[in-house]
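Read off the chains here:
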Amino acid sequence: MDTAALRAANPDHWMRAAAIRALTLDAVAAANSGHSGMPMGMADVATVLYEKHLKFDAKAPDWPDRDRFILSAGHGSMLLYSLLHLTGYEDMTIEQVKNFRQWGAITAGHPEYGHAKGVETTTGPLGQGIANSVGFAIAEEIQRARYGRKIVDHFTYVIAGDGCLMEGISQEAITLAGRQRLGKLIVFWDNNNITIDGTVELSDRTNQPQRFKAAGWHVIEIDGHDPIAIDAAITKAKTTSKPSMIACKTHIALGHAAQDTSKGHGALTDASQLAEAKQGYGWVWGPFEIPSDIKAQWEAIGTRGASERAAWEERFASLSGRKQEDFNRALAFDPPKKLSATIKALKKQISEGAPKVATRKSSEMVLEVINPIMPETVGGSADLTGSNNTKTGDLGTHDIDNRKGRYIYYGIREHGMAAAMNGMVLHGGVRAYGGTFFTFTDYARPSMRLASLMKIPTVFVMTHDSIGVGEDGPTHQPVEHLAICRATPDSYTFRPCDTVETAEAWEIALTSKSTPSVLALTRQNLPTLRTEHKLKNLTAQGAYVLAEATGKRQAIIMATGSEVSAAMDARAILEAEGIGTRVVSMPCWELFEVQDEAYRRKVLPAGPVRVAVEAGARMGWDRWLTGERGKAGKADFVGMEGFGASAPAEVLFEKFGITAEAIATRVKALL
């Protein structure tokens, strides 16, 4: 493409955009690693967006009513880092840009939430950003309905590439956004027709504008290098009640020898080609050098929103003290003062009444007392509301005509649901939870992993947690899923044994500020085992002694979830034969791991034989069976060695040998 003509048509705009292109080329060359082409191709769109439309203040990056900008095509991270540096974000210094992709720098290879201000979410796994954006937009709708347009009224902008739109999660996100008519969501499609393997036609023939229109989006097609057309398209998109997709026809690696080729996607490090590209841009300055006049123009863009922010702060100050407190509390992820007492009261009621219910029902019972006092909770389910028990009567359904509604029918979109929940939490002011069957964590895994990576407290309610599913068979019976969840760093996996532990797990999940939680819950009814009320949250210790040996302690049975009651029944058998048996409930391994050595030794002392019981894979259990003062010759596991089968639950537990009698037999064999 003739860059000279573009430069001549809009010289001031061109030089501002050229600053992005030059910084990108310099940073990728210095790192000898990265992706140059996308930032070079989308620099015009980004420049117009930041200059004329994006509501932000670089000096107040956490202003709650700022517009959100999400770079779904996260490989093009130098586009975002360039914008943050140029507009004057204090932490994005030129030294950080020079250290792109290096140890200790905030300029990671793909944008990482929490590393740098102005990075709204971690992107890189393609499609995640556009799917997160749906959650951002839903959170904005809910809060605007609650607090009013004077306090919450902002857009969510996204840059997505061909890769984002090929990923399956994008379809889940696009159709959900269209169904919810999220008019404050605007997506720019970087339509450059290039993937790593070659042109898009190698692998895809989708008419993307028609695809978005079919899902209920407003679509505009423009030249992505024409600043006037870009400005007009954004202006138009901001007036429609539908989500908007602006298809931007661009040239990847614009002005470089690799323009419009798959080579242009990656790291452009050839020194002579780099110099030639800069010459074509009219960029005569050295590496990482931004002339003062261009930097001043960009910094003026960075402060453009300061007066709007100040006006917002005045409006916010005019709210009642109670509303301000509620808004700030939710934004800070601080629980309401009533939460602890509410959980304690429910625990006491359960211990006294001792109901026999499935822990998915236990979860609903907890939500029924939590949701009314935590207006920031937003629930949902991937078309399994009645099975997951995630909807309580006070929430109201979130829909086009009820933006205050706090329950979302996600449809059969587990991956899109998980990503949208992450987006809501990242937006701020929302604690999102959503449900599906535990086996379908497989469909939500990438977003669950990112919640852990970003250290955000999303809650994944996963019911039907074992062969206890019964007749639906092995496709729906989780076996390896507990091990997978526990293997994920920086997350909590809870498998409560009754309603009391479920309440305690929810209390931890809803007071966490930086850790996502998975609640693995049963389909089948379980007895209340915690019949003696305790004020202390025992689940917070990860594992604890549920029942002590009455005589000399010869055995310790460890279990989680539905198998704790089987462990208790096995204890009764063994105690009747004079074998002193302790039962340890282990609802959350991650929390037990961080207890001090003295407490762990108290729960799992040396000496007694150990048997672990869980209707899942053994993987991970040897930490507790043979580690922590245990011995291989004095340890065994009762659980699953392969997949399940289709039969009633009670038959499956018997056939797979997960019964009180089988546990007792294993214990005796070790003695």
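As the structure is a prediction and not an experimental result, all values here were calculated from the model.

(A) Molecular detail of the pattern of salt bridges. Summed over all chains, the structure comprises 42 salt bridges. Close ionic contact of arginine 16 with glutamate 51 constitutes a salt bridge, the shortest N to O distance being 3.2 Å. Taken together, the residues arginine 16 in helix 2 (residues 11-31) and glutamate 51 in helix 3 (residues 37-53) connect sequence positions 35 residues apart. Residues aspartate 44 and arginine 21 are paired through a salt bridge, measuring 2.7 Å at the closest nitrogen-oxygen approach. Residue aspartate 44 is located in helix 3, and its partner arginine 21 is located in helix 2; the two are separated by 23 residues in the primary sequence. For the pair aspartate 44 and arginine 21, a shared accessibility class is recorded, and that class is buried.

(B) Layout of helix 10 (residues 227-237). What helix 10 keeps buried is the set Pro227, Ile230, Ala233, Ile234 and Ala237. Looking straight down helix 10, one finds that the buried residues subtend no more than 125° of arc, so they occupy a single side. Where helix 10 is buried, its residues contact helix 2, helix 3, strand 2 (156-161), strand 3 (185-191), strand 6 (218-223) and strand 7 (244-249). If you check the start of helix 10, you find a side-chain oxygen 3.0 Å away from the backbone N of isoleucine 228, and it comes from aspartate 226.

(C) Region of the structure containing the sheet that holds strand 6. On the basis of which strands lie adjacent, the open sheet formed by 5 strands has the order 1-2-3-7-6 and parallel pairing. Only two strands of the sheet have a single neighbouring strand rather than two, namely strand 1 (68-71) and strand 6. Across the sheet, the mean angle from the axis of one strand to that of its neighbour is 20°, orientation sign disregarded. The pairing of strand 2 with strand 3 spans 6 bridges and is classified as parallel. Paired with threonine 156 across the two strands is leucine 185, which belongs to strand 3. Taken strand by strand, helix 3 contacts strand 1, strand 2, strand 3 and strand 7, and its axis lies near 155° from that of strand 3. Contacts from helix 10 reach strand 2, strand 3, strand 6 and strand 7 within the one sheet, and its direction differs from that of strand 6 by about 170°.

(D) Here's a closer look at unusual backbone geometry. The phi dihedral of arginine 101 falls on the positive side, at around 70°, and the residue is not glycine. Along the polypeptide, arginine 101 turns up in the loop between helix 5 (94-98) and helix 6 (128-147). Exposure remark for arginine 101: the relative accessible area of 25% places this residue in the partly exposed category. With a phi close to 55°, aspartate 490 is a non-glycine residue in the positive phi region.

(E) Main features of the packing of helix 3 against helix 4 (residues 77-87). Close contact between helix 3 and helix 4 brings their axes to 9 Å; oriented N to C, the two are set at 40°. Of the possible angle classes, the one that applies to helix 3 and helix 4 is oblique. The way helix 3 lies across helix 4 gives a crossing that is right-handed. Here Met38, Pro39, Met42, Ala43, Ala46 and Tyr50 of helix 3 come into contact with helix 4, specifically with Met78, Leu79, Leu80, Leu83 and Thr87. Of the residues that constitute the contact of helix 3 with helix 4, the class distribution is 10 nonpolar, 1 polar and no charged.

Conventions and cut-offs
- Residues numbered from 1 in each chain as written.
- Predicted model: local features only at pLDDT ≥ 70, side-chain atom pairs only at ≥ 80, totals over all residues.
- Heavy atoms only, no water.
- Salt bridge = Lys/Arg side-chain N within 4 Å of Asp/Glu carboxyl O.
- Helix = DSSP H or I, 4+ residues; strand = E, 2+ residues; numbered from the N terminus.
- Buried < 20%, exposed > 50% of the residue type's maximum accessible area, 1.4 Å probe, protein only.
- Arc of directions from axis to C-beta.
- Contact = heavy atoms within 4.5 Å.
- Polar contact = N/O pair within 3.5 Å; in protein donor to acceptor, adjacent residues only side chain to side chain.
- Pairing = 2+ DSSP bridges.
- Axes fitted to C-alpha atoms, helices over the stretch in contact; angles between N-to-C directions.
- Parallel < 35°, antiparallel > 145°, perpendicular 65-115°, else oblique.
- Left-handed = near helix turned anticlockwise from the far one by under 90°.
- Nonpolar A, V, L, I, M, F, W, Y, C, P; charged D, E, K, R; others polar.

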